[in-house]
Structure formats: C-alpha cells, structure tokens
Amino acid sequence: MAVQAQADVGSLSMQGLGAFATVLATLSADNIAPMALLQMENLGALLPTNGEYAEQVKTLLQRCSDRRLDKLGLVIGWRKNDSASLMADSAGGQAVALLSMCLINILTPANTGIVLSRLCPKLLSSSVRRTSVASVSQLTDAARLLSGKLHALGFGNILAPEVMRIHKVYETLRVNAPTNLSYQLTPESIIDFLVLVSRSLCEEGMICRVSGSCGMANILGLTRILFPRSTSVNVEGTIIQKADNAAIRLEFDSNLSNEPTQMYLETLISLTPCAQLPIVREENRSRPQGLQYHFQWHGWLADLLQLGFLEAGKICDQAILEACCDFLMLVPAVSRISHSAVPLLSLLGPFPRARMAKACETIWRVKPRTVLTSIDDAFKKLVDAMKVALRGEICRCTHKCDMRTGFNFRAFEPDVHDPWYRSHNPCIVRDIWNCILGALQLGLWAFFIDAGQNAVVHRQPNVRTNDLIYSAVMGQRTIISAEQLRIALIETCGSSRSDIDNQNLAKSDHSCTIYPSVIETLSIPHTQTISFALVEGMLMFEHQYHESLRQSSVNEYAGYDELHLPKYDKIRPSHIGEPTGGPLLTIREGYKTLELSCTIEYAGNQVVIDLISAIHGYIGLRWAAECGHPLDEYLDESRYQAKPTSVAAPAAHAGIRVAMTRGNPMAQFFCCNANYWAVLQRRCCLNCAAKELLEIHKRVFNNTIICG
C-alpha cells in the first residue's frame, strides 16, 4: 500500500490528510479502517505464502467486473481500485488476503477477526505493535472484504479431493480412517499453529511438525492453499506429498485419534517442548457439515456431498452421484407452484430437460445416464447405491433409519440437527441420508440458477425446505409457494434465512449476488422461463458496496379499484390499459442495503407497484395453451362474465378481469400478482384463455386474463 505503518502522522492536521485523499476515499467507500489494512499487511509479511493459489491472488484482488441492471440504475460486480486491490501491491497484502479467505471458511467471521487480532502481539515487533490499534470488528470487516474476492478459488472444492486422498490411503492400507479428521478447529489452535508456521518459514532450520488426527483435515486445507511448496504430508508413515526443505510436516496418525493433536517446533539438533492443539473430542461437539466452506459453482454439489460422506468416514462414489441426477431429473415434473398449479418443469424454459442435464453435468460432474420414468425406480436406484456405500453400517439412533425408504419423516424433527442430540445419538446412516436429502434439494434449486463466471456458493443442506423431495419420494402432493421458491433460491448463494428480508429483491454474501433475472428488464420474456442470476461481486450504487436490494414498504391494496376501464359492448385484446410512459424507479440508501420503489402513471394517477408480489405472480403465471383461433377475436360474454381493466387495477373481486396490455411485456409483468389467479393470453384467443383459466380455477372470482 502507498501509506506505511511507520509514517509519522503525529503533527498531521486535518488539511494535511488531503495528500491521502484518494486512498482515504477508497477505504471510506468500503467502510474499512485504514489501520486495519496496514496491520493486516504487516501480519501477512510474516506468513509468506507460496504455490499455485498464492500466484492467483494478485489477479483476483485487482480484478474488476460489472453487470449492469440498467432499468434499476445498479451495477453488480467489483469496483476498480477498491480497498482489496490496494492489498495486491505487496506480498504481505496478498498473503493476508489468502489467509483471510481460509479463515473465513473454517471459522465464523467474528472468530476470524479474533484470530487476526491475537496474532498481532505474538508475531509483530514491538515498534509495529504500537501502531496496531485496529479493533476486532475492524479486522473482521477487512477480512470479509478481502476474502470476498478470493472465494472464487473455492476452498471447499480444494479441500474435498485432498481429504478424499487421505481416505483412499487409509483404504489402501486397510486401516480405518479416524472419524475426527474434519472436527472444527478452535481459534486458539489456529493461532498457535500459525505462530509456529511463521517461525518455521521465517527462521532458517526450523520445522513445524503436526501429528495426530483431530481436526487435521482443516489443517491440511490451510497448508494446501497457503504453503503447499513448504509442506510434506504422510499418512501412517506413507509419504503422499513431499517438499524440498519442508518447513511444515503433517503426520496423520490414527493411533493418536483419542488424544489431542500435537504440534512441535523443531530444529535439526533440538526439540522444543510440545505445544498441544486444543482439538479434543468433546462429548457435545458435533461434526461440521460444510457450514463455512465456499465452493466454486462447477462441481460444488459433488464436492459438498463428498465432504459430508468423508466426515462420516465414507466415500461418495460415482454411482451415488448418477443416481441423484437421475432422481432429480424427474422431480420438477411432479412438483407444482401452490397457488396456480403450474408445474416446475414448465418454468425451466422451452428445453427443460436439456437445461437440467447441463446443470447436473456442471454441479454434480456427471451426466444423467438412464432415462427413468418413475420416481420410485429412480429412488430405488439411489437406495441400491447407498447400500453399497453404507455396507456394514446399521442404524444406531432412535429413528430406526430404514434402508428401504432411505429416510423417514421423523428425521425432520429439530432434535436430529441439535449438536447435543447428534453427539449422544450417533448414527452414520442417519447423517449420510440427511446429507443426501439436503444435496437433492439444493440440486433442485440449482436448475433455476444461471451462474456466471467465478460464481461462488456458500451453503450447507438446509432441512427446512426438504419436504419437497420427501413428498416426491413418498408419492405425496409436491407443492411449493412462489414466495418459498424465491427465498429458497436466494438462500442458495449462502445467506441464512434469518439474514433474508421478505422484501429482498437481491442479496449479496460478500462474494456473489443473486437476484431474479426478471428485474433486469421488469418485463415478461418471450418464453416461460424462471431463472435467478448468480453473479460475482456485490451490489454497487454510487461507487459503494451494499449487501442487499429490498423493496420499499408497499400497501397490500392501494385502493385503485376505481381505475377500471369503462364498460365496453365487446371485449377484445388491446393496449388501452397500459401505463402512461415508463415506470419511475427510485433508490435510497439504508444501513448496508438499498431500498427500491417503483411507481407508474395511469389516467392521471400515480400507482405504486409491489415488485415482490409481481415476481411471485410471475413465477405462478400460467401461459395459456396455443389455439387455432384468431388472436384478436371478441370475448363471448354470454359464456364468460368479464370486464376490461388496466395495469392500475388488474385484480378481480368478482368474475373475470381482462388486463388490456397487449404488446407491452412490462405492463404485463406489473399485472402479475400472487393474490389472484392469472393466465397470460399470448398464443390463443380470449375465449380459450378464459376457458383454461376456469377449468383450472373453479371459483368465479380472483381471475385475471393478461392480454399478451
């Protein structure tokens, strides 16, 4: 960075800060404390990284990108010359950025800040420590910003094959792999480890040796990304990774599985006293399930599932991945949107099976091989593959997991996911099946996501939406509301449900942003397709990053009933109900969020558009089937009681309303609403659209035909 920690600023006046205006403006725009970055840069200089991932850090930190949402006046991406790019100018900045990315993946953000804060007095010299005044929260914010640009490396994608390699060695040696390899590391253990690693890398003739099994998978992940050329690894005496002049030596030893992992700092002629990592098997400590890992979009579900299996001491083979894909290919055809009965399959575009097959090949790394027509047959194939993977395992919990059904409804009870319950009722069969169940649900949502370059996912299987997959297996009604689908898709990028506002239109997780693609144009597309875009970077407005875009408060009913069109003798499609001019979109800044409001003008009145409800209505919108009749023929009012209406009041309280929005896709989108049934009349006449609407929805109120 351009400003050094040793600079004497004691006599610097406020006017003198103008010399640093450019740097200060950059840091202020990102809400980052300058001393936090300086402190972290000094720390990174004492942890010299190397290897293929360290070589990519400078490029990743300096990259800038933008995806413009022109209708909203917003940009999603990375700003040029932001705070993260400043750290790319020095080796210390690059090293601490890569370290931050690793720590964010294996710890909570708060604990990441604690580790960085406590490392400073242990590693920095006394003269530098005097200027190390950044707080834990400031270091946490800086670490989240730096790691956001580096999550594109995919910590989880890197870790999964490494841990699998360890299990393969144990399998070859015919030794049972320890079950505590993936136990979580405590902040104190990481601090001790990094202190000894710093000394071994910076002092000639020093070696950091780590022996044991508890938590060794995460230690392996750290060294594989940060110091691969300085690390040697052996499993039960078998060398699987060798480095010339290795300063870090990892030794996997199953004989020490019941003891704390031990760490030594050695020289060629002496041995210092042993410092034990505080990673012990506690009775109330549960195995993690990928809670923090970030994954590249390509292959993320295959790697997530593999880590889930490896944590239980099993390997997820190709047959299970293929069975999962074959099963998922059938689920959208039997699942429907609740308020309109629209099949999920029809929301995947004109070529849904090709879209699903491509998604499976991308995120599962397999192609669906068999063409199965029955959910039962597909699930039987999955159960058979699981029997092979779980050979020799029996249910050991009170839920009596049945291999014939794979899982039972009681597995959704909260106590199954409680750490205390899981530690006192260990059951590999239950844990593996719950992992499969969550991965299947995430795989279903992935069909609706268009992931861009460097897209990153930060998720674990979420049990709260798994009833859709369970219902499909049990032959029950598989329905989901449009709101549930929208929230589930936004959650997929990594936001927990507690972080998601029901009014969110877009959400960032500091590395990627997800949003419904329809807000790019605010118009209904030419084909029936629902997709959510997953784009690298954060929401940007006025050159500042924001975590979410939400809708401003909107009254559920704004009282526009009087804005119906006058009664006509005959009704046929027209555009007389469209708004005057385009929409008025305004944005105001809130705390880490942006608030969007949308209004239109019709007949001299200002009408507020509920964008969230419009998105829900669009998801559940039924497209009328094509007919051979003239598209502009009159509606037979002797058969259908109807009134023409406008974009200002498309809802029907009695009979049928016909929204006169022909040829205006934006007005058609604004007519969508989750509070009533609607059918889009684009490829058929009004009479056939009305017939289809009443055949599906028997009631004679809350029905709307949207003229296309």
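Look above for the structure.
Residues numbered from 1 in each chain as written. Predicted model: local features only at pLDDT ≥ 70, side-chain atom pairs only at ≥ 80, totals over all residues. Heavy atoms only, no water.

K.L.:
Before we move on, could you go through the overall build of the protein and cite the residues and values that matter?
P.N.:
For the protein, the count of helices and strands is 23 helices and 27 strands. Taking all 708 residues of the protein together, 58% fall into the buried category. Contacts in the protein between residues at least 24 apart in sequence constitute 77% of all its contacts with a sequence separation of at least 6. (Helix = DSSP H or I, 4+ residues; strand = E, 2+ residues; numbered from the N terminus. Buried < 20%, exposed > 50% of the residue type's maximum accessible area, 1.4 Å probe, protein only. Contact = heavy atoms within 4.5 Å.)

K.L.:
Report on the packing of helix H3 (residues 52–62) against helix H5 (residues 91–106), specifying residues and quantitative values.
P.N.:
Two elements in contact, H3 and H5, have axes whose closest approach is 9 Å; the angle formed by their N-to-C orientations is 100 degrees. Considered as vectors, H3 and H5 are oriented roughly perpendicular to each other. Here H3 contributes Tyr53, Ala54, Val57, Lys58 and Leu61 to the contact with H5, which in turn contributes Gln94, Ala97 and Leu98. Class assignment of the residues belonging to the contact of H3 with H5 gives a composition of six nonpolar, one polar and one charged. (Axes fitted to C-alpha atoms, helices over the stretch in contact; angles between N-to-C directions. Parallel < 35°, antiparallel > 145°, perpendicular 65-115°, else oblique. Nonpolar A, V, L, I, M, F, W, Y, C, P; charged D, E, K, R; others polar.)

K.L.:
How would you sum up the nonpolar core? Please name residues and give values.
P.N.:
Counting 207 residues, the largest nonpolar core has Leu305, Ile320, Trp364, Leu382, Ile436, Phe669 and Phe670 as its most contacted members. Among the elements that make up this core, the one with the highest residue count is helix H18 (residues 428–446) (twelve residues). With near-sequence residues (within four places) excluded, Trp364 lies in contact with Leu301, Ala302, Leu305, Leu321, Cys324, Cys325, Leu328, Ala359, Ala439 and Gly443. Core analysis: the second largest hydrophobic core is formed by 19 residues, Tyr640, Met660, Ala689 and Ala690 among them. (Core = buried A, V, L, I, M, F, W, Y, C linked by side-chain atoms within 4.5 Å.)

K.L.:
Run through unusual backbone geometry, naming residues and quoting values.
P.N.:
The residue Arg174 is not glycine, and still its phi comes out positive at about 60 degrees. Taking the relative accessible area as the measure of exposure, Arg174 reaches 79% and is therefore exposed. One non-glycine residue, Arg365, lies in the positive phi region at around 65 degrees. Following the sequence through the fold, Arg365 ends up in the loop between helix H15 (352–363) and helix H16 (375–389).

K.L.:
Describe the sheet that holds strand S23 (residues 622–623), with residues and values.
P.N.:
Spatially, five strands are ordered S23-S26-S27-S25-S24 in an open sheet, and the strand pairing comes out parallel. On the outer flanks of this sheet lie S23 and strand S24 (642–645), each paired with one strand and no other. Pairing of strand S26 (residues 677–681) with strand S27 (residues 703–707) involves five bridges; the strand directions are parallel. Across the sheet, residue Gln681 finds its bridge partner in S27, namely Cys707. Strand contacts of helix H23 (residues 686–696): S23, strand S25 (656–659), S26 and S27, with the helix running at about 150 degrees to S27, the strand carrying the most contacts. (Pairing = 2+ DSSP bridges.)

K.L.:
Which residues make up H5, and what are the values?
P.N.:
Because the α-helix completes a turn every 3.6 residues, residues three or four places apart line up on one side. Here H5 spans 23 Å end to end across 16 residues, near enough to the 22 Å set by a 1.5 Å rise per residue. Counted residue by residue, H5 has 15 buried out of 16 residues, so it is predominantly covered. (Expected span 1.5 Å × (residues − 1).)

K.L.:
Any chance you could break down the packing of aromatic side chains for me, citing the residues and the numbers?
P.N.:
The way to describe two aromatic rings as a pair is by their centre distance and the angle between their planes. On inspection of all chains with the given rule, the structure shows seven aromatic pairs. Chaining the aromatic ring pairs together yields one cluster made of Phe327, Phe379 and Trp433. Seen from the ring of Tyr545, Arg79 lies directly overhead, with NZ or CZ sitting 5.0 Å from the centre. Above the face of the Tyr634 ring, Lys570 is positioned so that its terminal group lies 5.4 Å from the ring centre. (Phe/Tyr/Trp six-rings, centres within 6.5 Å; stacked < 30°, edge-to-face > 60°. Lys NZ or Arg CZ within 6 Å of the ring centre and 35° of its normal.)

K.L.:
Please provide a residue-by-residue account of the pairing of strand S5 (residues 238–241), values included.
P.N.:
Pairing of strand S4 (residues 231–235) with S5, which is carried by three bridges, proceeds in the antiparallel orientation. In the sheet register, Asn234 faces S5, and the bridge partner there is Ile239. In textbook terms, the turn of a hairpin is the stretch between consecutive antiparallel strands, and for S4 and S5 this stretch comprises two residues, one of which, Glu236, has a positive phi near 50 degrees.

K.L.:
For the pairing of strand S17 (residues 538–541), give the residues involved together with the corresponding values.
P.N.:
With three bridges joining them, strand S2 (residues 74–78) and S17 adopt antiparallel strand pairing. Looking at S17, one finds that Val75 is bridged to Met540. Inspection of the sheet shows S17 paired to strand S18 (residues 544–546) by three bridges, in the antiparallel sense. Counted as the bridge partner of Leu539 is His546 from S18. Joining the antiparallel neighbours S17 and S18 is a turn of two residues, in which Glu542 adopts a positive phi near 55 degrees.

K.L.:
Could you give me a rundown of the pattern of salt bridges, with the residues and numbers involved?
P.N.:
Pairs can form between side chains of opposite charge whenever their charged atoms are close. Applying the stated rule across the entire model yields 20 salt bridges. Ionic pairing is found between Lys149 and Asp82, a salt bridge with its closest N-O pair at 3.2 Å. In this pair, Lys149 is assigned in helix H8 (residues 136–150) and Asp82 in the loop between S2 and helix H4 (83–86), connecting sequence segments 67 residues apart. In this pair, the class of Lys149 matches that of Asp82, namely buried. (Salt bridge = Lys/Arg side-chain N within 4 Å of Asp/Glu carboxyl O.)

K.L.:
Can you explain helix H2 (residues 34–44)? Please cite residues and give values.
P.N.:
Of all eleven residues in H2, eight are buried; the element is thus mostly enclosed. Within the sequence span of H2, burial applies to Ala36, Leu37, Leu38, Gln39, Met40, Glu41, Leu43 and Gly44.

K.L.:
Tell me about the sheet that holds S2, residues and numbers included.
P.N.:
Taken together, four strands build an open sheet; the order of strands is S1-S2-S17-S18 and the sheet is antiparallel. Across the chains shown, the open sheet's two edge strands, defined by having one partner strand only, are strand S1 (65–69) and S18. Looking at each pair of strands side by side, their axes are set apart by 40 degrees on average, direction ignored.

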